[in-house]
Every structure is written in structure tokens, then in C-alpha cells.
Amino acid sequence: MFNETYKLPNGVEIPKLGLGTWLLDDAQAAQAVRDAVSIGRHIDTAQAYMNEVGVGEGIRSCGVSREELFITTKVAAEAKTYNAVTQSIDESLAKMGLDYIDLLIIHSPQPWKEFREEKRYFEENKGVWKSLEDAYKTGKVKAMGLSNFLQDDVENILASCEVKPMVNQILAHVSNTPLDLIEYCQKNDILVEAYSPIAHGAVLDNAEVKVIADKYGVSVAQLCLRYDIQLGLVVIPKTANPEHMRNNSELDFVISDGDMETLKNVEQIQNYGEHGSSQYSVES
């Protein structure tokens, strides 16, 4: 089992490998949690996924104590006032049946319908962050972070926060690695998490990547996960398949510096198929 962790600035340890639950309904999410805990203890969900109830059921029925698990959820991108976020945090706790959330993240700097459009919601996000800070101070949340935040979005939070963001969860995978943003976050002691680390599966048939995977005797998926981890990132591949979970946890190999450079420069994927580029960010 790959059970390495990173330590956040406040001392909280976060597993480097997690289970993503995007597109899983409550029943699937509950079973995925039960299957995943024999391999890893980091579970990632979100209010937008509509499966927090199922994740909570999985937590209660998985046979592992709550304290051994690391649970992440995300505030809905549309919640952009202090009061709305405060209410949503309590709703997430109630749905999952938890006393605390290990990591709470703002899902996006903008509502999804306005994602990457002109209005940036800088002032609104300061209010959202204040709500997270207050939840953190009362113990409802053990760590706090962001998702899909660009550098100026992060700078906006850093300019006025009492508690610095500890995580920024972004799209980062072979063929699409925002190295400047990753470096900026790391310089500011913000751990980067990679969602869609296997590019929604769109990288699996890439011949150049497959040659490198074959060199190490691993699958393309394993190579992609190890690539992100060697960049210092957390990876949260989504799967409900126990066999895929086991394969994803077999990461005890090291990619050479030369191969890392090659992977950084793989031609960027332009089309993610059924979960196309216009929608992929909702997965985070």
C-alpha cells in the first residue's frame, strides 16, 4: 500500500494518494469508500458531487475508525457569501455524519456558469474564506484550501487572510501541467493537489507515454500518478473499481529526471472526450 503523506503548515498530515468520488452516486460512493480503505485513507468528495451522504455511509461502515481517515469536501462554487458558506459547512457535516472535516476547499473562485469569465469574485471570495477560517477556529475543519484558483485568485486570499490556504487543488496531469502555478503555490507553502491525474483517461492511449510506462513495467495510469507525486503533488484519481484502486496504489518506483522532463513536455490534450474541456474543472 502506498501510504506516504505530506505535512501541511499546521502539522496536519495528508496522504499523497486519495480516492476521488466525482460522478459516483451515494450507493457507489459508499461502496468505493469501503473498498478504498484497505488501500488508502484519503477520500475526496464535494457538495457539488451530491454524494456526501454516501461517503458518510461508507465512512461509518468501512470498519476503520474516523480518526484514521482523511476526508476532503468542497464548498459549492455558487456559495459566495459568508452566511451561505457557514450554512453549507454545517450541511456537509450533517450529510456525512461527521464532527469535523479534515480538509475543506472552495471548489472554484467563480460559480461554474461563470468559470474563467470576466467577473473574478475577489471580494466575495474573501468572505467565503472568512467563513472557512471561522470553521477552522471552532474545530469543524482541520485544514483549509482552494480549488481551481489561479495565481491572482490565490494572491487575493493571501492579501487579507488570517489563516493561509494550505492546499490548491487543480487540474494537473501529463500533457497538462501548469508548472508556473505549481511553483508559485509551493513557494507560498501551499500544497498542490492534482485532480484528473490520469486526464479522464485521455492519456492512456498516448504512444509516447506508453513507451515510458513500459520502460518501468507499470501501467500508464501508474506512471501518471507517480509523475504528479514526484512533482510534489497529492493525487486523487477517481474510480469505483477495486482492482483499479489497487493498481493506483502500487507506486513504489521512481521516474528518472530525463523521463520527467519528457513527460512535462508531452503534447497537450485538446479534447477530453465525453467529459470535455468545457466541463472538466467541475471534477476537482
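Above this text sits the structure in question.
Basis of the calculations
Residues numbered from 1 in each chain as written. Predicted model: local features only at pLDDT ≥ 70, side-chain atom pairs only at ≥ 80, totals over all residues. Heavy atoms only, no water. 1 Å grid on protein atoms, 1.4 Å probe; cavity = no way out; pocket = protein on both sides within 12 Å on 5 of 7 lines; lining within 4 Å. Points joined across faces, edges and corners; volume = space filled by probe spheres on them. Helix = DSSP H or I, 4+ residues; strand = E, 2+ residues; numbered from the N terminus. Nonpolar A, V, L, I, M, F, W, Y, C, P; charged D, E, K, R; others polar. Salt bridge = Lys/Arg side-chain N within 4 Å of Asp/Glu carboxyl O. Buried < 20%, exposed > 50% of the residue type's maximum accessible area, 1.4 Å probe, protein only. Axes fitted to C-alpha atoms, helices over the stretch in contact; angles between N-to-C directions. Parallel < 35°, antiparallel > 145°, perpendicular 65-115°, else oblique. Contact = heavy atoms within 4.5 Å. Left-handed = near helix turned anticlockwise from the far one by under 90°. Core = buried A, V, L, I, M, F, W, Y, C linked by side-chain atoms within 4.5 Å.

A. How the structure looks around empty space enclosed by the protein. In total, this model carries 2 cavities of 30 Å³ or more according to the counting rule given. The calculated volume of the largest cavity comes to roughly 120 Å³. Lining of the largest cavity is provided by 13 residues; of these, Leu17, Gly18, Leu19, Ala36 and Ile39 occupy positions nearest its centre. Elements with a contribution of two residues or more to the lining of the largest cavity: strand S4 (42–44) and helix H9 (242–248). Residue classes in the lining of the largest cavity are distributed as 7 nonpolar, 5 polar and 1 charged.

B. Structural view of the pattern of salt bridges. Summed over all chains, the structure comprises 17 salt bridges. In this structure, the salt-bridge partner of lysine 130 is glutamate 162, at a minimum N-O distance of 3.3 Å. Pair noted here: lysine 130 is in helix H4 (residues 122–137) and glutamate 162 is in the loop between helix H5 (151–158) and strand S8 (167–171), with a separation of 32 residues, a long-range link. On the basis of relative accessibility, which here comes to 56%, the residue glutamate 162 falls in the exposed class. Note that lysine 215 and aspartate 259 form a salt bridge whose closest N and O atoms lie 2.8 Å from each other.

C. Spotlight on the packing of helix H2 (residues 52–61) against helix H3 (residues 82–96). One can describe the packing of H2 onto H3 by two numbers: an axis separation of 7 Å at closest approach and a directional angle of 45°. With respect to their mutual orientation, H2 and H3 come out oblique. In this structure, H2 contributes Glu52, Val53, Val55, Gly56 and Arg60 to the contact, and H3 contributes Ser92, Lys95 and Met96. Class assignment for the residues of the contact of H2 with H3 results in 3 nonpolar, 2 polar and 3 charged.

D. Region of the structure containing unusual backbone geometry. With phi around 75°, leucine 23 is a residue other than glycine that occupies positive phi space. Checked against the element boundaries, leucine 23 lands in the loop between strand S3 (19–20) and helix H1 (26–36). The backbone of arginine 116 shows a phi angle near 60°, a positive value even though the residue is not glycine. Mapped onto the secondary structure, arginine 116 falls in the loop between strand S6 (103–106) and H4.

E. Molecular detail of the packing of H1 against H2. Relative orientation of the contacting elements H1 and H2 amounts to 30°, with a least axis distance of 7 Å. Both H1 and H2 take part in a crossing whose hand is right-handed. In contact with Asp26, Ala29, Ala30, Val33 and Arg34 of H1, H2 contributes Glu52, Val53, Gly54, Val55, Glu57, Gly58, Ile59 and Ser61. Here the residues of the contact of H1 with H2 are counted per class, giving 6 nonpolar, 3 polar and 4 charged.

F. Focus on the nonpolar core. One finds Leu132, Val203, Leu223 and Leu263 to be the most contacted residues of the largest nonpolar core, which totals 89 residues. If you tally residues by element for this core, the top one is helix H8 (residues 220–230), at 7 residues.

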